[in-house]
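A structural walkthrough
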Amino acid sequence: MHDRDWSPLEITPQSAGAPATSEGLVGHLDGLADRLAELLTREKALVFRGFGVAPGELDPVLDRLLPRRLAYVNGNSPRTKVGSNVYTSTEYPAEFTISMHNELSYAASWPTRLAFYCETAAETGGATPVVDAALWLESLDPEIREAYRAGVRYTQNLHAGAGLGKSWQDTFETDDRGLVDAYLKEAGSDWEWRADGSLYVSTLRPSTTTHPVTGTEVWFNQSDQWHPAALGDDTAKALAQIMPVRELPQYVTFADGTPIPDEYVLQVRDRGLEHAVDVDWRQGDVLLIDNLLVAHGRRPFTGKRRVLVAMTD
């Protein structure tokens, strides 16, 4: 059984014995360099709070937390690049909850760590919930765990510049078909370029994975976010009237192509949120998570909120 009282470790200037400045945080991270990976694996998530990191002071902090910052390639959510492989967090409307997920768990490779930075805290709400991914797996009914055992198949319909959802150019951050072909071949995907210039992609992925250090099995897929049942009844019905589910910008089935029952999808989504712990943002906070051991999401909010994210392999 996994600890249901888990929460991220909060590190402050007082606990770190460091000045309450971004330089103080950088110095503390330099001192942690040899132990940071071990600390993160043990604690799963770290919140650096009270160091007053300003936007112009973020790069030195990220350089120490994320040795090789990755581009957000094959991402399925709307976000804006704002710096050297630094992005806005998912730009969904403020009134919606973003359900729990491990970043790029549907891709052939994924980041091992994510760092979030609060540039502007919301007026109300806007927490980033985090959940122990092993606890999430354990919380699911046995029949659901068994049904997912063979994995899931993700499909994408990516337009060429005009249409519903994201274009393939935005998704892969290129307009070179050859580079996309090479990426998809390496990813083990099946794909088809269509006459109108759009791209169809089908990819088989496992539903769980094992952490390389701890050996812990964790829930590791985004089936609930790719399934129309999780969009809400009205949205799902409206989309179903417009097009078949397999023509949606993104869709997911079990590995053999059979539909995933709506009630399975909703249990996965709801159990993840039920066991999540909220990180309530304060301006200047930095959150570091192990992307396999911890899934994350977003609570609804009011007012302006700007949280940036970067990742490393």
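Residues numbered from 1 in each chain as written. Predicted model: local features only at pLDDT ≥ 70, side-chain atom pairs only at ≥ 80, totals over all residues. Heavy atoms only, no water.

A few words on the pattern of salt bridges. Under the definition given, this model contains 13 salt bridges. The partner of R49 in a salt bridge is D285, and the shortest N-O contact between them spans 2.6 Å. Taken together, the residues R49 in the loop between β2 (45–48) and α4 (58–65) and D285 in the loop between β15 (277–279) and β16 (286–290) connect sequence positions 236 residues apart. A residue is classified by how much of its surface remains accessible, and R49, at 9% relative accessible area, is buried. Among the charged side chains, a salt-bridge network with shared partners connects E10, R49 and D285. (Salt bridge = Lys/Arg side-chain N within 4 Å of Asp/Glu carboxyl O. Helix = DSSP H or I, 4+ residues; strand = E, 2+ residues; numbered from the N terminus. Buried < 20%, exposed > 50% of the residue type's maximum accessible area, 1.4 Å probe, protein only.)

In spatial order, the strands read β10-β11-β9-β14; together these 4 strands make up an open sheet with antiparallel pairing. Of all the strands in the sheet, just β10 (190–193) and β14 (250–254) have a single pairing partner and so form its edges. Ignoring which end each strand starts from, the neighbouring axes of this sheet average 10° apart. Direction of pairing for strand β9 (residues 152–158) relative to strand β11 (residues 199–205): antiparallel, over a ladder of 7 bridges. Bridge pairing in β11 places Y154 opposite T203. The strands touched by helix α8 (residues 177–187) are β10 and β11; relative to β10, the strand with the most contacts, the crossing angle is about 160°. (Pairing = 2+ DSSP bridges. Axes fitted to C-alpha atoms, helices over the stretch in contact; angles between N-to-C directions. Contact = heavy atoms within 4.5 Å.)

Turning next to unusual backbone geometry. Most peptide bonds take the trans configuration, and most residues that are not glycine carry a negative phi. In the Ramachandran plot, K44 falls in the positive-phi region, its phi being about 75° despite a non-glycine side chain. Mapped onto the fold, K44 is located in the loop between α3 (36–43) and β2. With a relative accessible area of 18%, K44 lands in the buried category. The phi torsion at L104 lies on the positive side, around 60°, for a residue other than glycine. Inspection of the secondary structure puts L104 in the loop between β5 (98–101) and β6 (113–120). L104 sits in the buried class, given a relative accessible area of 5%.

What is shown is where atoms sit, not what they do.
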